[in-house]
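# Report on the structure
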Amino acid sequence: MFKMEDSYRHKGMRRQLVKVVRSKGIKDERVLDAIGKIPRHFFFENALVEHAYEDKAFPIGEGQTISQPYTVAFQSELLHVKPGDKVLEIGTGSGYQAIVLLELGAEVYTIEYQKKLYERTRFALPDMGYQAHFFHGDGSLGLPKFAPYDKIIVTAGAPTVPDALIDQLKVNGCLVIPVGNAKTQQMLRLTRLEGNKLRKEVFHDFKFVPLLGNDGWKK
């Protein structure tokens, strides 16, 4: 993590990024405002700042990426986060998605499989003024100690929907998760209804890094 200034130039680049994300179909103004507010270049080395406000994913080490802003916005819009919602994020990664959730007013519990990323992000986000609950472990099993959650978001591609995540949702809570094979995944939104029934909605195809763990892909 490289601490830098947030200049007028950076803010101008963010405004352009918001226009791009909006043009791709994102309508939730609160999500767009969050994208427009977060200094994404703080996640990039100085020499790579030009890449920070392009609408694309970018490697951050440990085989992981900082997600494409459109993808972050799309998942965030599907979640319908309300201020005060208790949200579990599976796959902290760089922390960019977690910050969007925090900007939307969520209380964020986030778990990361890769120890180095966990160590980096749990210090980096507070340095940027953002407070979440950080954990290292197998996100495919959720975080049962703090369940149930209003919303759960998975930022890695899963082979199937882990039962543990459904079990940790409140009634009327929803899970947003990309599910598929190693090459492409469909974005799903699963809402837990009374009597343990589920409502399933299917959205666009995406490509995520694999969800590793007991109920994900094996290393």
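Calculation notes
Residues numbered from 1 in each chain as written. Predicted model: local features only at pLDDT ≥ 70, side-chain atom pairs only at ≥ 80, totals over all residues. Heavy atoms only, no water. Buried < 20%, exposed > 50% of the residue type's maximum accessible area, 1.4 Å probe, protein only. Helix = DSSP H or I, 4+ residues; strand = E, 2+ residues; numbered from the N terminus. Arc of directions from axis to C-beta. Contact = heavy atoms within 4.5 Å. Polar contact = N/O pair within 3.5 Å; in protein donor to acceptor, adjacent residues only side chain to side chain. Salt bridge = Lys/Arg side-chain N within 4 Å of Asp/Glu carboxyl O. Pairing = 2+ DSSP bridges. Axes fitted to C-alpha atoms, helices over the stretch in contact; angles between N-to-C directions. Phe/Tyr/Trp six-rings, centres within 6.5 Å; stacked < 30°, edge-to-face > 60°. Lys NZ or Arg CZ within 6 Å of the ring centre and 35° of its normal.

## Points about helix α2 (residues 29-37)
Those residues of α2 that fall on the buried side of the exposure criterion are V31, L32, A34 and I35. The buried residues of α2 occupy an angular sector of 155° when the element is viewed end-on, so they sit on one face. More than 90 degrees from the buried face of α2, the exposed residues found are D33 and K37. Residues of α2 that are buried make contact with α1 (8-23), α4 (69-79) and α5 (96-103). Among the residues of α2, the N-terminal cap falls to D28, whose side-chain oxygen and the backbone nitrogen of R30 are separated by 2.9 Å.

## Some points on the pattern of salt bridges
Note on pairing: side chains with opposite charge can pair once their charged atoms come close. The tally for this structure, following the rule as stated, stands at 9 salt bridges. The shortest N-O distance in the salt bridge between E103 and K37 comes to 3.3 Å. Here K37 lies in helix α2 and E103 lies in helix α5, a separation of 66 residues in the sequence. Overall, the relative accessible area of 25% leaves E103 in the partly exposed class.

## As for unusual backbone geometry
With an omega of 5°, the peptide bond between A147 and P148 qualifies as cis. Located in the positive-phi region is N196, a residue other than glycine, with phi close to 60°. For N196, a relative accessible area of 57% corresponds to the exposed category.

## Observations regarding the sheet that holds strand β4 (residues 107-112)
On the basis of which strands lie adjacent, the open sheet formed by 7 strands has the order β5-β4-β3-β6-β7-β8-β9 and mixed pairing. In the strand order of this sheet, the two ends are held by β5 (133-136) and β9 (198-206), each with one partner. Put simply, the sheet's adjacent strands are angled 15° from each other on average, direction ignored. With 7 bridges joining them, strand β7 (residues 169-180) and strand β8 (residues 185-192) adopt antiparallel strand pairing. When the sheet's bridge partners are listed, C174 is paired in β8 with T191.

## Quick look at the packing of aromatic side chains
Within the structure shown, the criterion is met by 10 aromatic pairs. Taking the centre distance of 6.0 Å and the plane angle of 80° together, the rings of F43 and Y96 count as edge-to-face. Taken together, the residues span a long stretch of sequence, with F43 in the loop between α2 and α3 (49-52) and Y96 in helix α5 at a distance of 53 residues. When sorted by exposure, F43 lands in the same class as Y96, which is buried. Site record: aromatic cluster; members linked through ring pairs are Y70, F74, F203, F206 and F208. Just above the ring of Y96 sits the side chain of R40; from NZ or CZ to the centre is 5.2 Å. Between K86 and the ring centre of Y149, over which it is positioned, the NZ or CZ distance is 5.5 Å.

Structural measurements only, silent on function.
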